[in-house]
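What follows is the residue order along each chain.
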Amino acid sequence: MPSCHTDCLERPLSRAFGRLGALIARHPWWFLLVPVVLAAGLGAGFYFLPQRLSNDIEEQFTPVGGPAKSERAVIIDHFPTNDSGLFSAQRLYTEGTYASLIAVTRDNNNILTPAAFDELLRLDRVVRAVRATSMNLTFEQLCARSGDSCVPPNPLLQEVQGNPAAIQSLNITFPMFRGASAPGPQFLGAALGGVELKPQSDLVERARALRLVYSLREDAPGDREQSREWLQSFLSTVPGELKTFQFKHIEVTYFTSISRQVEFEGNTKTVIPLFSITYFLTIAFSIVSCLRLDCVRNKVWVASFGVISAGMAVLASFGLLLMCGVPFVITVANSPFLILGVGVDDMFIMIACWQQTKVKDSVEDRMAHTYADAAVSITITTLTTALAFYIGIMTSFQSVQSFCIYTGTAILFCYLFNITCFGAALVLNGKREKSNRHWMSCKKVEEVPQVGRSSIYSACCVGGSYDATTGTEQEHPIPRFFKDFYGPFLTNVWTKVFVVIFYFGYLACGIYGCLQTQEGIDLRNLASDDSYVRPFYDDEDLYFSSYGPRVMVSITEDISYWDPSVREEIGKCMESFENSSYIDKSLSESWLRTYELISGHFKIDLDNKNTFIGNLTTLYAVNPNFRQDVDIKNGNILASRFFIQTVNVITAVDEKTMLTQIRDLAKGCRVPVKVYHPAFIYFDQYVVIVDNTIQNVLVATAVMLVISLLLIPNPLCSLWVTFAIASIIVGVTGFMAFWNVNLDSISMINLVICIGFSVDFSAHISYAFVSSKGSTPNQKAVDALHILGYPIVQGAVSTILGVIALSAAGSYIFRTFFKIMFLVIAFGLLHGIVFIPVFLTFFGICNKCNKTSNGEAKVKESKKAQHMTANCKDKSHNNYEVDNYNKKHDVVIYNKHVPDPDCP
C-alpha cells in the first residue's frame, strides 16, 4: 500500500545544502572573505545613524492612526491656542510647554502654613531667576500670559501676594476656589493635593502637597525653541538650588514638558557598556562549551568565529537598513543582544552535526554531511523566526515595527553568514584536524602517545583521537548523559505521568496569569530608575490622582444652535456625560449654558440666528476664554466645545474604561460630538494593544504551521510545533503578570520574539524525532534527545547569556526585554527537552515516509543489501549507511551514522 509523501521539500533542500557544504569545502577562503568584506561595506551605513534616530515618544509608543490623533487634528483646525493673552491650560491640544514642581510637607504636616509658604515663595523666586543660556531670557519674558501678566504658577501663591503669613487668613474652598486676585472661581484639583476638608463643608482644613506650574509660550514663531532652552536651563539650575537651600518644611520634586523625552533618549547610553559584557560572556560560554581535552579536536576558534559571525550580521543588517532610511528607535538597541544568542544557537547545531561525521572522511564529505543534516533544521528556525518578526510589522506601534524590521533582517544575515562565513571557518578547522595539527600552534602532533612521555606531554602534544567503533569524534559526556540516563528516565511511564500533571499545572498557572495581565505602558517607565521623573510621578499619583483629565467635548459640524430642539439635544448629550461615574457634573464648563443664563438676564432671544450670533460678545465679556470655544466664520458656528471633569481615574484599567465609556457616550449623542484630551493620545494604546497582539500571534502561528508542514517531513509533528507555540505564548503571557510586566508595545515585541523561539526549540527536537531510525516512539525520543538535547541546552544558555546583562540595566525597557526573553527561553527549553519529547511518544511513530509500493520497497531493500555488502568490504565506509552519492561533485552524503550489525 502506498504511504504518505511529505518530504518533497525537505529531501531536495537537504541535497542542495549538501552540495553547498561541499562547495564551501573546496573554496573556503572565498566564503570567508566575501561576507567579511560585505559586512564591512554595509557597516558604513552606521554613518547615517544620527540622522535615523527616531525616539519621539508619541510617534513611537502610541498607535499609528489612533482615534485621538484624528480628534486632535479637528481641535487644531477649529480651536487655535493663544498663549500671549488668553492662555488656558485646559484648552491646549498638547500637554503644553511648562516646568512643574510638587512641594510636599515633611512629617505629614500641613502645607498651608506661613513657614511652608515662606519656602514656597523662595522656590518661586529661584525658578523666576532662571535664564535661557544663549538669549538670556527670563521666565517673565517667555511666560504664557492671561491679559498682560504671566499665568500664576498656583492660585494660592498668587493670593498671598508675597506675604507667607497671609495664607492663614484665607478661606480656601475645594475644589473650586474664589480668591480676590482672580476674576472668577479657580479649579484647585490639580493645584492642591492631599486635601482634608472640614466636616460638612468645602473649606480646606489641611493639605499635604502643592503644585507649581510655570507655563511657557509655544504658539508664536520662535517660541518653542526659546522655551525649550529655558527648560534646559531650568533642569541644569534648579536641582542644584534645591540641594543648596535644604528646605526644612517641604520636599520638592520637579518635572518639565521635555523631561520625559530627554530621559527616554538617555536610556540608550545605559546599555552600551552592557553590550561588551554580553559579547564577552557569549564568547566565553561558546568556547567553554566547545572545549575539548583533545588538542586536535578542540573547537575554540570555531566557537569564537561563530560569535564574530553573529556580530557581523548585526553590523551588516543595521548598516543596510540605516542606508535605506529605516528609523532607528531605542527598542532596536535590544536586538544585538538577541542576535548574539540566535547566531550562537545555530552554530551549536552545526558543530553537533559536524561531530557526527566520520573523521577519516575528507573535509568535503564531512561538510556535505554536516550541511545536509544541519542546514534544514536551522533553515526552518531561521524562516520561522524571521517571519515572526516581519509579521510584527503589522502592528500599530512604530517602535515595534522598527524593532521587527531590524531584528528580522539581522536574523536573515545571521543565517547567511552562518552557512557561508562560519561554514568556511569550520572547513579551515576541519583541514587542521585532518592533518592532525594542534589547535593553538597548528603544528602536527602525534596521534598515539610515546612510551615514557609524561601525562602533561600527552595532554598537550598528543591528539586526534576518535571513536574506533563509529568513526566519529569522541562523544561529549553531556550527549551521552542524554542518551544513557535522561532519555530513558524521561520515557519511563511514571515520569510521563508526572510530566503530564506538571504540564497541566504549568498551563493552569499561565491561563490564570493571562487573566491578570494589565494593559498599557506607564510613562514613568520610559525614564531610568534613578531619574528625577519617577519621584515626581509618585507624588503626582499619591496627592493629585483624585481628579483626572479635563476633557473637551467638541461639536465639530455646523449645526443650528439657535434652534431650541438642537440646544435641547446638546443639553441631553452633556447630561449623559455628567451621569457617568467617571465625571463630576458640578465641574462641567459650557459656554452654551452660560449664554442661556445671560440671555435670561439680558432678555436675549436665542431662537433667532442673528440675535444669537450678534450677542456672543456679551458672553465673551463675562468670560473671555469662551471666545476660544466657539469657531465662527462667515456668520456660522462651524464648531464649539465644552469641558467635563473626570474623577477617580487612578489605574490603567480606569483610564481604559473611562476612555471607552465617554467615547461610547459621544457616539450615542444625537449631535456630532468628539471627545479629546492630550492624554488620550497615550490612552489609545489600550484600544489596540490586545487586538494587535492577538492578530500578530494568530497570523504568525498560522505561518509557522505552514512552514513546519512544508519542511518537517511529518504532518503530526508539525502540529506539535504549532502546539508548542501556543503553549509557550500562554505561559509567557501569564507569567508576565506574575513578574509585574504589563502588556504594552514593549512586551508586545517580546511576544513576537516568543513565537520565533517557540518554533526553534520544538522544531529542532521534532525534526530529530522524525529523522530517527528508532523502531519505537520511546527510542525515537531518546535518539532525538541524544542528538540535539545538548545543542538545545547550549542554545538556550547562550541566548540567556546574551540578554542577562540587560537585567542590570537601569531602564524598564531593557529589563522587560530580559524578563520576557528569560521566560521565553526557559519555557521553550522546558518544552523542547521535556514536554514535546514525551507528547510525541503518545501518538505513534512520526517517520519520514516516501510514496513507494511493496514491490519498489523490495527492490530497494535488495539494492541496499548489495550496497551495504560493498560498504563492508571498504574499510573507509565500514559500519555506515550511504544514502546518496553525487557523482557530479564527488560527494558522499551520510544521513545517519549507526553501527551496522550486518557487517562483520
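Thresholds, definitions, all that
Residues numbered from 1 in each chain as written. Predicted model: local features only at pLDDT ≥ 70, side-chain atom pairs only at ≥ 80, totals over all residues. Heavy atoms only, no water. Core = buried A, V, L, I, M, F, W, Y, C linked by side-chain atoms within 4.5 Å. Buried < 20%, exposed > 50% of the residue type's maximum accessible area, 1.4 Å probe, protein only. Helix = DSSP H or I, 4+ residues; strand = E, 2+ residues; numbered from the N terminus. Contact = heavy atoms within 4.5 Å. Pairing = 2+ DSSP bridges. Patch = residues over 30% accessible without salt bridge, like charges linked within 9 Å, V, L, I, M, F, W, Y side chains within 5 Å. Areas by Shrake-Rupley, 256 points an atom, 1.4 Å probe, with all protein chains shown as cover. Salt bridge = Lys/Arg side-chain N within 4 Å of Asp/Glu carboxyl O. Disulfide = S-S within 2.5 Å. Axes fitted to C-alpha atoms, helices over the stretch in contact; angles between N-to-C directions. Left-handed = near helix turned anticlockwise from the far one by under 90°. Expected span 1.5 Å × (residues − 1). pLDDT = per-residue confidence, 0-100. 1 Å grid on protein atoms, 1.4 Å probe; cavity = no way out; pocket = protein on both sides within 12 Å on 5 of 7 lines; lining within 4 Å. Points joined across faces, edges and corners; volume = space filled by probe spheres on them. Nonpolar A, V, L, I, M, F, W, Y, C, P; charged D, E, K, R; others polar. Phe/Tyr/Trp six-rings, centres within 6.5 Å; stacked < 30°, edge-to-face > 60°. Lys NZ or Arg CZ within 6 Å of the ring centre and 35° of its normal. Parallel < 35°, antiparallel > 145°, perpendicular 65-115°, else oblique.

Draft legend 1. Examining the nonpolar core more closely. Counting residues in each nonpolar core, the largest one holds 257 residues, and the members touching the most others are Leu101, Leu112, Trp230, Phe234, Phe577, Trp591 and Phe612. Considering every element that reaches this core, the biggest residue donor is helix α30 (residues 812-840), with 18 residues. Ignoring sequence-local partners within four residues, the contact set of tryptophan 591 consists of Tyr561, Phe612, Leu616, Leu619, Phe626, Asp629, Val630, Ile637, Ser640, Arg641 and Phe642. Residues Val296, Val300, Trp439 and Val445 belong to the second largest nonpolar core, which totals 5 residues.

Draft legend 2. The pairing of strand β13 (residues 630-633), seen in detail. Note: β13 against strand β14 (residues 636-647), 4 bridges, orientation antiparallel. Within the sheet, the bridge partner assigned to valine 630 lies in β14 and is serine 640. Hairpin geometry of β13 and β14 is characterised by an intervening segment of 2 residues between the two adjacent antiparallel strands and by a positive phi of about 55° at asparagine 634.

Draft legend 3. Broad picture of a nonpolar patch on the surface. Nonpolar side chains collect at one region of the surface, where Val493, Trp494, Val497 and Ile501 lie side by side and expose about 480 Å² of accessible area between them. Within the fold, valine 493 resides in helix α18 (residues 493-516). Overall, valine 493 belongs to the exposed group, its relative accessible area being 60%.

Draft legend 4. Representation of the state of the cysteines within the structure. One pass over the structure, following the stated rule, counts 2 disulfides. Between the sulfur atoms of cysteine 143 and its disulfide partner cysteine 150 the distance amounts to 1.8 Å. The sign of the S-S torsion, about -70°, decides the handedness of the disulfide formed by cysteine 143 and cysteine 150: left-handed. Just as cysteine 143 is buried, cysteine 150 falls in that class too. Cysteine 573 shares a disulfide with cysteine 669; S-S distance 2.0 Å. Looking along the S-S bond of the cysteine 573-cysteine 669 disulfide, the torsion reads about 80°, which is the right-handed sense. Residue cysteine 573 is found in helix α20 (residues 564-578), and its partner cysteine 669 is found in the loop between α24 (652-668) and β15 (673-676); the two are separated by 96 residues along the sequence. Assigned by exposure class, cysteine 573 and cysteine 669 land together as buried.

Draft legend 5. Geometry of the packing of helix α12 (residues 300-323) against helix α15 (residues 398-434). For the pair α12 and α15, the least separation of the axes is 7 Å and the interaxial angle reads 145°. α15 is crossed by α12, and the crossing has right-handed handedness.

Draft legend 6. Expanded view of α20. Here α20 contains 15 residues, and its C-alpha end-to-end distance of 21 Å stays within 8% of the 21 Å for a straight helix at 1.5 Å per residue. All of the buried residues along α20 are Val566, Arg567, Glu569, Ile570, Cys573, Met574, Phe577 and Glu578.

Draft legend 7. Layout of the sheet that holds strand β9 (residues 209-216). What the 4 strands build is an open sheet, ordered β6-β9-β1-β10; its pairing is antiparallel. Each end of this open sheet is capped by a strand with a single partner; those strands are β6 (192-193) and β10 (250-256). Relative to β9, strand β1 (residues 97-105) runs antiparallel, the two being bridged by 8 bridges. Opposite leucine 101, over in β9, you have leucine 212 as the bridge partner.

Draft legend 8. Here's a closer look at the confidence of the model for the chain. Summing up the model confidence of the chain, the mean pLDDT is 83 and the portion of residues at 70 or higher is 90%. In this model residues 1-5 is a low-confidence stretch, pLDDT under 50, and it forms 13 contacts with partners more than four residues away in sequence or in other chains. Scored below 50 in pLDDT, residues 849-904 shows 93 contacts in the model against residues more than four places distant or in partner chains.

Draft legend 9. Molecular detail of the side chain of serine 100. Structurally, serine 100 can be placed in strand β1. Classification of serine 100 by relative accessible area gives buried; the value is 2%. Excluding its chain neighbours within four sequence positions, the residues that come into contact with serine 100 are Arg211, Leu212, Val213, Thr253, Tyr254, Phe255 and Phe536.

Draft legend 10. Representation of empty space enclosed by the protein in the model. Summed over all chains, the structure comprises 1 cavity of 30 Å³ or more. Size it by volume and the largest cavity reaches roughly 40 Å³. Lining the largest cavity are Val342, Asp346, Thr381, Thr382, Thr385, Ile411, Cys414, Tyr415 and Asp760. Listed by contribution, the elements that provide at least two residues to the lining of the largest cavity are α13 (335-355), α14 (363-391) and α15. By residue class, the composition of the lining of the largest cavity is 4 nonpolar, 3 polar and 2 charged.

Draft legend 11. Examining the packing of aromatic side chains more closely. Per the stated rule, a full pass over the model turns up 49 aromatic pairs. When the ring of phenylalanine 46 is compared with that of phenylalanine 318, the centres are 6.4 Å apart and the planes differ by 25°; the resulting orientation is stacked. On the criterion of sequence distance, the pair formed by phenylalanine 46 in the loop between α2 (28-43) and α3 (49-52) and phenylalanine 318 in helix α12 is long-range, its members being 272 residues apart. Residue phenylalanine 46 is classed as partly exposed on the basis of its relative accessible area of 30%. Here the aromatic rings of phenylalanine 139 and tryptophan 230 are separated by 5.8 Å at their centres, their planes lie at 45°, and the arrangement is tilted. Of this pair, phenylalanine 139 sits in helix α7 (residues 139-142) while tryptophan 230 is found in helix α9 (residues 223-245), placing the two residues 91 residues apart along the sequence. Here the two residues phenylalanine 139 and tryptophan 230 agree in accessibility, since each one is buried. Taking the ring centre of tyrosine 682 as reference, the NZ or CZ of arginine 260 above it sits at 5.9 Å.

Draft legend 12. Structural context of the packing of α2 against α12. As a packed pair, α2 and α12 sit with axes 7 Å apart at the nearest point and diverge in direction by 40°. In this view, α2 runs oblique relative to α12, as classed from their interaxial angle. The hand of the α2/α12 crossing is left-handed. Seen from α2, the contacting residues are Leu32, Pro35, Val36, Ala39, Gly41, Leu42 and Gly43; seen from α12, they are Phe305, Met312, Leu315, Ala316, Gly319, Leu320 and Met323. Of the residues in the contact of α2 with α12, the class split is 11 nonpolar, 3 polar and no charged.

Draft legend 13. How the structure looks around unusual backbone geometry. Here phenylalanine 174 and proline 175 are connected by a cis peptide whose omega angle stands at 10°. Take proline 175: it is sitting in the loop between α8 (155-160) and β4 (176-177). The backbone of glutamine 161 sits at a positive phi, close to 55°, despite the residue not being glycine. The residue glutamine 161 is located in the loop between α8 and β4 in this model. When its relative accessible area of 61% is taken as the criterion, glutamine 161 is described as exposed. Of note in this structure, lysine 603 is not a glycine but carries a positive phi near 55°. Considering the arrangement of structural elements, one finds lysine 603 in the loop between α21 (591-602) and α22 (609-614).

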